[in-house]
Amino acid sequence: MQSILTTLGIIVGVASVITVVSVMQGFSSSITGQFENMGSNTLVVEPHVPFRERISGVRAKLTYEDFEAISRTVDDIEIIVPVIYQMPGTLKYRGEQASLQFFMGTVSAYAELNNHFPENGRFLIPSDDTYRRKVIVLGSDIRKDLNLPAEPAGEYVELNSQWYKVVGEMEAQDSFLGFSRNKMVIMPFQTAVGLLREKASEKMQFMIRVHNIDNQDRVKEQIKRLLRKRHNIGPNERDDFKINSSDQMREQFETVLDGVTFVVAAIVGVSLLVGG
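About the cut-offs
Residues numbered from 1 in each chain as written. Predicted model: local features only at pLDDT ≥ 70, side-chain atom pairs only at ≥ 80, totals over all residues. Heavy atoms only, no water. Helix = DSSP H or I, 4+ residues; strand = E, 2+ residues; numbered from the N terminus. Buried < 20%, exposed > 50% of the residue type's maximum accessible area, 1.4 Å probe, protein only. Contact = heavy atoms within 4.5 Å. Pairing = 2+ DSSP bridges. Salt bridge = Lys/Arg side-chain N within 4 Å of Asp/Glu carboxyl O.

What to know about the overall build of the protein
1) Next: Scanning the protein from terminus to terminus reveals nine helices and twelve strands.
2) Next: Taken over 276 residues, the protein has a buried fraction of 45%.
3) Next: Taking the contacts inside the protein whose residues are at least 6 apart along the sequence as the reference set, 75% of them involve residues at least 24 apart.

This is the structure we're talking about:
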């Protein structure tokens, strides 16, 4: 009887470890696929302050003027879009409420750069940004959570005590780094700047697609020199921004996930060993 229980415990233990590893690998595959949707020739520029300085109140910023300078002077850029993220928020519609994981401000080229398009209705258009229109595109879960019509374009929803016209609904996508992109809304970039005001610069990023991936390092170096000059950073001072390629971000994520998978599997294995 004891040998049967021991054998059963070993089987359960091995199955548990295999299950944990399989789940983590499946999650990794999903995230890797989403990085690949961005394209290996994609760069992300964002403000950066070391953790210790950040918790003491130091903040880094990017500005729309930085965005314009990069657009105007850096060669070999196919698409560049500004993005602002704000987390979280609550959206309201006729007595219903939906919790947003985040809302985002960006421009019309974002959909092409990220290969993410509306399921129905439309995405943002240039004039939305020019005139700071109060329009939004919904994530698919948000439409369902608010019991909006299957084609919600033309309805009005409330965010932070302001009303916005729905113009479209995005295609459903998998979660990305723990955030559901189906529980977000997208508004024009300048509308988001007006909403966040002085905080907008701290939350700003630039997403860039390079024409020729062979020139990616050169483009990164041009952006780095330009931003250091614009931010008055001295020769021996660190950057107040970082520039990552989608490949670098994927590799960093995979390294972290491999470590987490090993630790979790080890904990499960030791727990079963001790319990057995």
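As for the side chain of arginine 143
1) Next: With respect to the helices, strands and loops of the structure, arginine 143 is situated in helix H6 (residues 140-145).
2) Next: Judged by its relative accessible area of 14%, arginine 143 is buried.
3) Next: For arginine 143, the contacting residues outside a window of four places in its chain are Leu138, Leu148, Pro149, Ala150, Pro152 and Glu169.

Structural notes on the pairing of strand E10 (residues 184-188)
1) Next: Judged by how many residues are buried, E10 sits mostly within the fold: five of five residues are covered.
2) Next: Note: strand E5 (residues 102-106) against E10, five bridges, orientation parallel. The residue bridging phenylalanine 102 from the neighbouring strand is methionine 184, located in E10.
3) Next: Bridging between strand E7 (residues 135-138) and E10 involves two bridges; their strand directions are antiparallel. Bridge pairing in E10 links leucine 138 to valine 185.

Observations concerning the pattern of salt bridges
1) Next: According to the stated counting rule, one finds twelve salt bridges in the structure shown.
2) Next: Aspartate 128 is the partner of arginine 133 in a salt bridge, and the nearest nitrogen-oxygen pair spans 3.0 Å.
3) Next: Given a relative accessible area of 31%, arginine 133 falls into the partly exposed group.
4) Next: Judged by relative accessible area, which is 0%, aspartate 128 ranks as buried.
5) Next: Linking aspartate 239 and arginine 228 is a salt bridge whose minimum nitrogen-to-oxygen distance equals 2.4 Å. Placement of aspartate 239 in the loop between helix H8 (216-230) and strand E12 (241-245) and of arginine 228 in helix H8 is noted, with a sequence separation of eleven residues between them.

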